[in-house]
Amino acid sequence: MVLITLDGIDGSGKSSLLSALEKSLSDLSPVFTREPGATWVGEQVRRAIAERADPVTEALLFAADHAAHLEAVVRPALAAGRLVISDRYTDSRYAYQSATLEGIIPDPLGWLKAVHDGWTVPPDRTVLLVLPVAEALRRKSGKGVSEHFEEATLLERVQENYLRISAEEPMRFLVIDAGQPEEKVHALVSSAIREWHGSLRSRHR
Ligand code: TYD
C-alpha cells in the first residue's frame, strides 16, 4: 500500500543502491520491480531503443510498458498491502522523453502528463539520485564526456528536467547527492524508506 520509486540519470548508482536495499529492507518484504521490463511489453521497448525508433514511438512504448507494469505488478501488490519499490517510473518519462521529444512536439512535458493522466498510480515518495553527468559517464563506462558527447548532452538535459520536476513537488521527492560514498547513500535511503513505510502505512488504518 506504499509505492516508492527510485530515479536518476544512467550511471547515478541506482543498481548498486537497489541490491543493498534488497538486503537491508528484507524484513519489510518489499516487492522490487522496474521500468522498463517488468512485463513482455518491456522487450518491445528495448527493441525500440536498439532500433533507434522515432521519439514518439519510443515514448508511447514506454507509456504502454507503464500501463502493463501497473496492471501486472503495481496495482496487485498495493492491493495486497505490500511495499512496492520501483527502479524507474513515470518520472523517467517526464525527464528523458521531455528531452527526446524537444523540438518534435510543442510541449513535451504537458503531452507526457496528459498521456498518463487518469490511469497512472502516482508514487507516494520518490528518491532522486543526482550526480554530475561527467561522473555518471565515468562510472558507467570508465570513459569521460568527450567520448560520449551525444549522450552527455542528452543526459545534461535529462538531469535538468529531473531537478525541475523535483523542485515542483518537494514533499514527494528526496533528492540525494549520489557523489557521497555508496554506504552513506544507502544508509540515507534505507532509513527514509523505513520512515515512509511506517508513517504512510498508518494512513489506511
Ligand atoms: P534501464 O533499464 O533503467 O537501464 P539499464 O539498461 O542501464 O538498466 O533503462 C533503460 C533506458 O531507458 C535508460 O537510459 C533510461 C531510459 N528510460 C526512458 O528514456 N524513459 C522511461 O520512461 C524509462 C522507464 C527509461
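Everything below is about the structure shown above.
What comes next concerns the included structure. (Residues numbered from 1 in each chain as written. Predicted model: local features only at pLDDT ≥ 70, side-chain atom pairs only at ≥ 80, totals over all residues. Heavy atoms only, no water.)

Looking at the site of the ligand
Point 1. Near the ligand you find Asp 10, Arg 34, Glu 35, Pro 36, Arg 46, Phe 62, Arg 88, Ser 92, Arg 93, Tyr 96 and Gln 97, and these make up its full shell.
Point 2. Interatomic distance of 2.8 Å between a side-chain N/O atom of Asp 10 and an oxygen atom of the ligand.
Point 3. Summarising the interface, the protein chains cover 75% of the accessible area of the ligand, which totals 550 Å² for the free molecule.
Point 4. Structurally, the ligand is housed in the largest pocket.
Point 5. For the shell around the ligand, the class distribution of residues is three nonpolar, two polar and six charged. (Near = heavy atom within 4 Å. Polar contact = N/O pair within 3.5 Å; in protein donor to acceptor, adjacent residues only side chain to side chain. Areas by Shrake-Rupley, 256 points an atom, 1.4 Å probe, with all protein chains shown as cover. 1 Å grid on protein atoms, 1.4 Å probe; cavity = no way out; pocket = protein on both sides within 12 Å on 5 of 7 lines; lining within 4 Å. Sits in = over half its atoms within 2 Å of the grid points. Nonpolar A, V, L, I, M, F, W, Y, C, P; charged D, E, K, R; others polar.)

Examining the sheet that holds strand E1 (residues 2–8)
Point 1. In spatial order, the strands read E2-E3-E1-E4-E5; together these five strands make up an open sheet with parallel pairing. In the strand order of this sheet, the two ends are held by strand E2 (31–34) and strand E5 (173–177), each with one partner. Each strand axis lies, on average, 20° off the axis of its neighbour in the sheet, ignoring direction.
Point 2. Bridge count for E1 against strand E4 (residues 125–130) is five bridges, and the pairing is parallel. Note on E4: the bridge partner recorded for Gly 8 is Leu 129.
Point 3. The sheet strands contacting helix H3 (residues 55–79) are E1, E2 and strand E3 (83–87), and the helix crosses E2 at an angle near 160°.
Point 4. Together, E1, E4 and E5 form the strand contacts of helix H7 (residues 149–168), whose direction differs from that of E4 by roughly 145°. (Pairing = 2+ DSSP bridges. Helix = DSSP H or I, 4+ residues; strand = E, 2+ residues; numbered from the N terminus. Axes fitted to C-alpha atoms, helices over the stretch in contact; angles between N-to-C directions. Contact = heavy atoms within 4.5 Å.)

Re the nonpolar core
Point 1. Counting residues in hydrophobic clusters, the biggest one holds 40 residues, and the most contacted among them are Leu 6, Ile 9, Val 189 and Ile 193.
Point 2. Residue contributions to this core peak at six residues, all from helix H8 (residues 182–201).
Point 3. Apart from residues lying up to four places away in sequence, Ile 9 is in contact with Arg 88, Tyr 96, Leu 129, Leu 131, Val 133, Ala 136, Leu 155, Val 158, Gln 159 and Tyr 162.
Point 4. Leu 3, Val 31, Leu 78 and Val 121 belong to the second largest nonpolar core, which has 10 residues in total. (Core = buried A, V, L, I, M, F, W, Y, C linked by side-chain atoms within 4.5 Å. Buried < 20%, exposed > 50% of the residue type's maximum accessible area, 1.4 Å probe, protein only.)

Concerning helix H5 (residues 108–116)
Point 1. Turning to H5, its buried residues are Pro 108, Leu 112 and His 116. Viewed end-on, H5 has its buried residues packed into an arc of 65°, placing them on one side of the element.
Point 2. Among the structural elements, H3 and helix H4 (90–100) are those in contact with the buried residues of H5.
Point 3. Count one or two residues on from H5 and you reach Gly 118, which has phi positive near 90°. (Arc of directions from axis to C-beta.)

Remarks on the layout of surface pockets
Point 1. Space inside the largest pocket adds up to approximately 1,000 Å³.
Point 2. As for the largest pocket, its lining consists of 32 residues, and the residues nearest its centre are Asp 10, Ile 49, Phe 62, Tyr 96 and Leu 154.
Point 3. For the lining of the largest pocket, the element with the highest residue contribution is H4, accounting for six residues.
Point 4. Classifying every residue of the lining of the largest pocket by side-chain character gives 11 nonpolar, seven polar and 14 charged.
Point 5. As a volume, the second largest pocket reaches approximately 240 Å³.
Point 6. Secondary-structure elements contributing two or more residues to the lining of the second largest pocket are H4, H5 and H7.
Point 7. Considering every element that reaches the lining of the second largest pocket, the biggest residue donor is H4, with three residues.
Point 8. For the lining of the second largest pocket, the per-class residue count stands at four nonpolar, four polar and six charged. (Points joined across faces, edges and corners; volume = space filled by probe spheres on them.)

Some words on the pattern of salt bridges
Point 1. Per the counting criterion, the structure on display carries 12 salt bridges.
Point 2. A salt bridge links Arg 138 to Glu 135; its shortest N-O distance comes to 3.1 Å. Taken together, the positions of Arg 138 and Glu 135, both in helix H6 (residues 133–141) and three residues apart, correspond to about one turn of that helix.
Point 3. For Glu 135, a relative accessible area of 27% corresponds to the partly exposed category.
Point 4. Notably, a salt bridge pairs Lys 140 with Glu 151, separated by 2.7 Å at the nearest N-O pair. Placement of Lys 140 in helix H6 and of Glu 151 in helix H7 is noted, with a sequence separation of 11 residues between them.
Point 5. A relative accessible area of 43% places Lys 140 in the partly exposed class.
Point 6. Given the relative accessible area of 26%, Glu 151 is considered partly exposed.
Point 7. Connected through shared salt-bridge partners, Asp 7, Asp 10 and Arg 88 make up one network. (Salt bridge = Lys/Arg side-chain N within 4 Å of Asp/Glu carboxyl O.)

No statement about biological role is implied by the geometric values presented.
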